[in-house]
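Structural features, examined
Here are the chains, one letter per residue:
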Amino acid sequence: MEDMIKITFGNVSVHAICFHRTDPRKECSCEIWGQSTNCELSYDKKDIAAVKERRKLEYEKYQKRNELPLKQVIIAEANSPLSYPSQGVEVKPLYSIVIPGYDCFLFPGQVTLKASQGVFNTIVEVPEDSVHGSGEKEMTITSPSLDIVNAILKHVTYTSTVYHINSADLVHFQFENHEALFSIAIRQPPMPHLFDPGPGNNINNLVTVTTKTFLRYNKLQILINSIHQFYPNISIIIADDSANPEKIEGPNIEQYFMPFAKGWFAGRNLVVSQVTTKYLLWVDDDFLFTTETKIEKLVDVLENTNLDLVGGSVNGNLFRHKLWHNEGNEEGGCLFRQSGIYRVLDGFPKCGLTSVVVNFFLARTDKLRSVGFDPLLSRTGHTEAFIDGLGRILVGSCSDVVISHQSKKVENIDQNQKNIQSKYRRFRGDNQVNLKHHLFYFKNRLKCSVFH
């Protein structure tokens, strides 16, 4: 783990993070922290060399698309006579800004500015021969007067000349042997995507209930009846890939038919694509709403925090886990999973921050849609979606919102329903373990995963 430590020099104090190197997650060694799965072993030995080469090339492309110059470590020089912005400078691509915070505190003689993805200029009249390189990537300011140099510095502009929606430029600010380095973020702000909750923040305008069904129409109908008992006007969207689909009738129900056995995650993608409300509630088709299934509580959490998704409990089962990812080396990374939460959520003592939650959750529609579900996982899958969303969605779990699970007993059902359950179990029995490990190895670039 890690601690914040305080270091004091006379009257000056600074804070630093101290890492405990005894934590195996820091070492990317899956063998020493719990039950480990070597993802590479899911491939045939004759194929692994070619797979490794393809994965290496794809990872290099991924890094080029996603890694920014902002990852470079910048060390602030001690007792530097230069003042400059350490962070927070941002410009739209192909736009201009005035760079704030420039100053020199010693007689400079000459100051030099350098960039790679933009050019410098000034928006003030300057003495002749005091500025060279206006409109270029390198500009110098020279004057016998410190006041004139600083007056010019306060009016220096930076113009982005390379179009990119999310990049950064590193600016060099130099005087004699003193050099400062800082970043300018080049970012196209995304367009806002707002959902109109309608007057009164009615729950029916805020939330759509979503589910995926396969063969089990009797259980689906029990679920719908329980939803209507407590939320008679809420919208329900169903993805259905049964062999002989049956039309589900009822108010505010949308049922989308898919090719037979198209799959679990494909169905999730379908229903999420059709939601028009701010939030969606995911439930399995054999769940059961009760007096403890208070959607409003989950809405309250998302409305008043920066969480993207919050799970509840299924008959007391929270299934909440923390995930840690160590990028590792050229062999791939390590994924660690451990039960529990990181901390209690501020303002919600029954809720905590975590990484994975149970299959009963409320999510911001646009955020969940941006992550999606891998349609290759057609039979089983749950944690895999949260692994794909790690670092992209902020997840919470609340113990005081509970949904029930329909009974799995078969003695009180007819032979037709027994046959349906048997067929359903045969499909679910194909749990695609080998495929999951393939996806971990190639898509998520993991050499191993550890559940502890």
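Right above here is the structure, for reference.
Overview of the structure.

Calculation notes
Residues numbered from 1 in each chain as written. Predicted model: local features only at pLDDT ≥ 70, side-chain atom pairs only at ≥ 80, totals over all residues. Heavy atoms only, no water. Disulfide = S-S within 2.5 Å. Helix = DSSP H or I, 4+ residues; strand = E, 2+ residues; numbered from the N terminus. Buried < 20%, exposed > 50% of the residue type's maximum accessible area, 1.4 Å probe, protein only. Pairing = 2+ DSSP bridges. Contact = heavy atoms within 4.5 Å. Axes fitted to C-alpha atoms, helices over the stretch in contact; angles between N-to-C directions. Salt bridge = Lys/Arg side-chain N within 4 Å of Asp/Glu carboxyl O. Phe/Tyr/Trp six-rings, centres within 6.5 Å; stacked < 30°, edge-to-face > 60°. Lys NZ or Arg CZ within 6 Å of the ring centre and 35° of its normal.

Take the state of the cysteines next. Inspection of the entire model under this criterion finds 1 disulfide. Here C351 engages in a disulfide with C398; their sulfurs sit 2.0 Å apart. With the S-S dihedral at roughly 110°, the linkage between C351 and C398 falls on the right-handed side. Here C351 is found in strand β24 (residues 348–354), whereas its partner C398 is found in strand β26 (residues 395–405), with 47 residues between them in sequence. Across the pair, C398 and C351 agree in class, each one buried. Summary of cysteine pairing: C39 is not part of a disulfide, and the nearest cysteine sulfur, belonging to C448, is at 6.6 Å.

Pairing within the open sheet is mixed, and its 6 strands lie in the order β5-β14-β13-β8-β11-β10. Here the strands that pair on one side only, and so sit at the sheet edges, are β5 (90–91) and β10 (131–132). The strands touched by helix α2 (residues 146–153) are β8 (110–114), β10, β11 (138–142) and β13 (166–175); relative to β11, the strand with the most contacts, the crossing angle is about 150°.

Further remarks concern the pattern of salt bridges. What the rule picks out here adds up to 16 salt bridges. Residue K52 is joined to E331 by a salt bridge in which the shortest nitrogen-to-oxygen separation is 3.6 Å. On the criterion of sequence distance, the pair formed by K52 in helix α1 (residues 45–66) and E331 in the loop between β21 (321–329) and β22 (332–339) is long-range, its members being 279 residues apart. Classification of K52 as partly exposed rests on a relative accessible area of 29%. Here E331 falls in the partly exposed class, since its relative accessible area comes to 33%. Connected through shared salt-bridge partners, E40, K52 and E331 make up one network.

Under the definition given, this model contains 12 aromatic pairs. Plain terms: the ring middles of Y59 and Y62 are 6.2 Å apart, the flat faces sit at 15° to each other, and that makes the pair stacked. Highlighted residues: Y59 and Y62, both in helix α1, separated by 3 residues, approximately one helical turn. Judged by its relative accessible area of 23%, Y59 is partly exposed. For Y62, a relative accessible area of 43% puts it in the partly exposed group. Through a chain of ring-to-ring contacts, three or more aromatic side chains come together here, namely Y84, Y102, F173 and F182. Above the plane of the ring of Y441 lies R55, whose end atom (NZ or CZ) is 4.0 Å from the centre. Cation over ring: R268 sits above W282, and NZ or CZ is 4.7 Å from the ring centre.

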